[in-house]
Amino acid sequence: MVDSRATLRYRIDLPAQLEVGGAALSARIRNLSLGGVRLAGPPLPVGARCRLTFLSPHGDSFDLWCITRWTTTDGCGLEFEALQPIDTNQLARMIGSSSRVTERIERIPIESIQRLG
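Okay, so let's go over this structure. Keep in mind the model is a prediction, meaning the values are calculated, not measured.

**Let's talk about unusual backbone geometry**
Part 1 of the argument: In this structure, Ala 82 takes a positive phi of about 50° despite not being glycine.
Part 2 of the argument: Of note, Ala 82 is situated in the loop between β6 (75-80) and α1 (85-98).
Part 3 of the argument: What makes Ala 82 exposed here is its relative accessible area of 66%.

**Quick word on the packing of aromatic side chains**
Part 1 of the argument: In total, this model carries one aromatic pair according to the counting rule given.
Part 2 of the argument: Considering the side-chain rings of Phe 54 and Phe 62, the 4.7 Å spacing of their centres and the 15° angle between planes classify their relative orientation as stacked.
Part 3 of the argument: Taking the relative accessible area as the measure of exposure, Phe 62 reaches 1% and is therefore buried.
Part 4 of the argument: Across from the ring centre of Trp 65, 4.2 Å away, lies the NZ or CZ of Arg 49, which sits over that ring.

**Thoughts on the state of the cysteines**
Part 1 of the argument: As enumerated under the stated definition, the model contains zero disulfides in all.
Part 2 of the argument: Between Cys 66, a free cysteine, and Cys 50, which holds the nearest cysteine sulfur, the sulfur-to-sulfur gap is 5.0 Å.
Part 3 of the argument: Left without a disulfide partner, Cys 76 is nearest to the cysteine sulfur of Cys 50, which lies 6.8 Å away.

**Regarding the nonpolar core**
Part 1 of the argument: Counting 24 residues, the largest nonpolar core has Leu 18, Ile 29, Leu 32, Leu 39, Leu 52, Phe 54 and Leu 78 as the members making the most contacts within it.
Part 2 of the argument: Counting residues per element, the ones that place at least two in this core are β1 (10-20), β2 (23-32), β3 (36-40), β4 (49-55), β5 (61-72), β6 and α1.
Part 3 of the argument: Per-element accounting of this core gives the leading share, six residues, to β1.

**As for the side chain of Gln 90**
Part 1 of the argument: Positionally, Gln 90 belongs in helix α1.
Part 2 of the argument: Contact partners of Gln 90, with chain neighbours within four places excluded, come to Asp 60, Ser 61 and Phe 62.

Parameters and conventions
- Residues numbered from 1 in each chain as written.
- Predicted model: local features only at pLDDT ≥ 70, side-chain atom pairs only at ≥ 80, totals over all residues.
- Heavy atoms only, no water.
- Helix = DSSP H or I, 4+ residues; strand = E, 2+ residues; numbered from the N terminus.
- Buried < 20%, exposed > 50% of the residue type's maximum accessible area, 1.4 Å probe, protein only.
- Phe/Tyr/Trp six-rings, centres within 6.5 Å; stacked < 30°, edge-to-face > 60°.
- Lys NZ or Arg CZ within 6 Å of the ring centre and 35° of its normal.
- Disulfide = S-S within 2.5 Å.
- Core = buried A, V, L, I, M, F, W, Y, C linked by side-chain atoms within 4.5 Å.
- Contact = heavy atoms within 4.5 Å.

Function-wise, these values are silent; they only describe arrangement.
Laid out in structure tokens, this is it:
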């Protein structure tokens, strides 16, 4: 299978908070890119819009709107929605300073993912 992602994923382990339909949930960011995150935590419905907040290891605060693009029993993939240039810049700095990985992370088997559309 060809990996069609537009951005590289970087391994990371950060606590995060989600707000989905008024409910507050905890999760962990397992990988990160300029396009989105993979979360370990409660699976969200595909297509759900949520608010993701987290702190970088250097103390930068992120408060981002996302759309759930895929889900499994142990987590989900969120795509960032309408990032502002300042958010993109902060994410790029965080990735550059926090990650030593420069290769793509192995994809989740397609048969275990529920996709939108």
